[in-house]
Amino acid sequence: MDPEKLMTGISNEIEAALKAMGKAKTPEEKLVHSEIVKNLCESLGVFLNLMGDMMPYDDDGESIPF
């Protein structure tokens, strides 16, 4: 799957979970949504960290001089 589509999808799910958390009535509902947001943010962080780790390399896997 395309990483950009995956990150966009996760971002959209985070936004939806935040909206649902804002509409939650009970503390238990808010806790469930906050855990969903936390897990989604951690998942998105994995992709962002990977992108950050890959930035110093070009398509051939060689280091780009600074």
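Predicted model, so just to flag it, every value in this text is computed and none were measured.

Draft legend 1. Quick peek at the packing of helix H1 (residues 3-23) against helix H2 (residues 27-54). Interhelical geometry of H1 versus H2 gives an angle of 160° and a closest axis separation of 9 Å. Classed by the angle they form, the pair H1 and H2 counts as roughly antiparallel. At the point where H1 passes H2, the crossing takes the left-handed sense. Contacts between H1 and H2 involve Leu6, Met7, Ile10, Ser11, Glu13, Ile14, Ala17, Leu18, Ala20 and Met21 from the first element and Lys30, His33, Ser34, Ile36, Val37, Leu40, Cys41, Ser43, Leu44, Phe47, Leu48 and Met51 from the second.

Draft legend 2. Layout of the pattern of salt bridges. Enumeration over the complete set of coordinates arrives at two salt bridges. Among the ionic pairs, Lys19 bridges to Glu15, the shortest N-O distance being 3.5 Å. Taken together, the residues span about one helical turn, with Lys19 and Glu15 both in helix H1 at a distance of four residues. The class of Lys19 is exposed, set by a relative accessible area of 52%. Residue class for Glu15 comes out partly exposed when judged on its relative accessible area of 43%. We note a salt bridge from Lys38 to Glu42, for which the minimum N-O separation is 3.1 Å.

Draft legend 3. Region of interest: the nonpolar core. Residues Met7, Ile10, Ile14, Ala17, Val37, Leu40 and Leu44 constitute the largest nonpolar core, which totals seven residues. If one sorts the elements of this core by residue count, H1 sits on top with four residues. Beyond its immediate chain neighbours, meaning those up to four positions away, Ile10 contacts Leu40, Ser43, Leu44 and Phe47.

Draft legend 4. Broad picture of H1. Between the first and last C-alpha of H1 there are 30 Å, a value that for 21 residues agrees with the 30 Å anticipated at 1.5 Å per step. The inward-facing, buried residues of H1 abut H2.

Draft legend 5. Structural detail: a nonpolar patch on the surface. On the surface, a nonpolar cluster with roughly 320 Å² of combined accessible area is contributed by Leu50, Met54 and Tyr57. Its location among the elements puts Met54 in helix H2. Judged by its relative accessible area of 48%, Met54 is partly exposed.

Rules used throughout
Residues numbered from 1 in each chain as written. Predicted model: local features only at pLDDT ≥ 70, side-chain atom pairs only at ≥ 80, totals over all residues. Heavy atoms only, no water. Axes fitted to C-alpha atoms, helices over the stretch in contact; angles between N-to-C directions. Helix = DSSP H or I, 4+ residues; strand = E, 2+ residues; numbered from the N terminus. Parallel < 35°, antiparallel > 145°, perpendicular 65-115°, else oblique. Left-handed = near helix turned anticlockwise from the far one by under 90°. Contact = heavy atoms within 4.5 Å. Salt bridge = Lys/Arg side-chain N within 4 Å of Asp/Glu carboxyl O. Buried < 20%, exposed > 50% of the residue type's maximum accessible area, 1.4 Å probe, protein only. Core = buried A, V, L, I, M, F, W, Y, C linked by side-chain atoms within 4.5 Å. Expected span 1.5 Å × (residues − 1). Patch = residues over 30% accessible without salt bridge, like charges linked within 9 Å, V, L, I, M, F, W, Y side chains within 5 Å. Areas by Shrake-Rupley, 256 points an atom, 1.4 Å probe, with all protein chains shown as cover.

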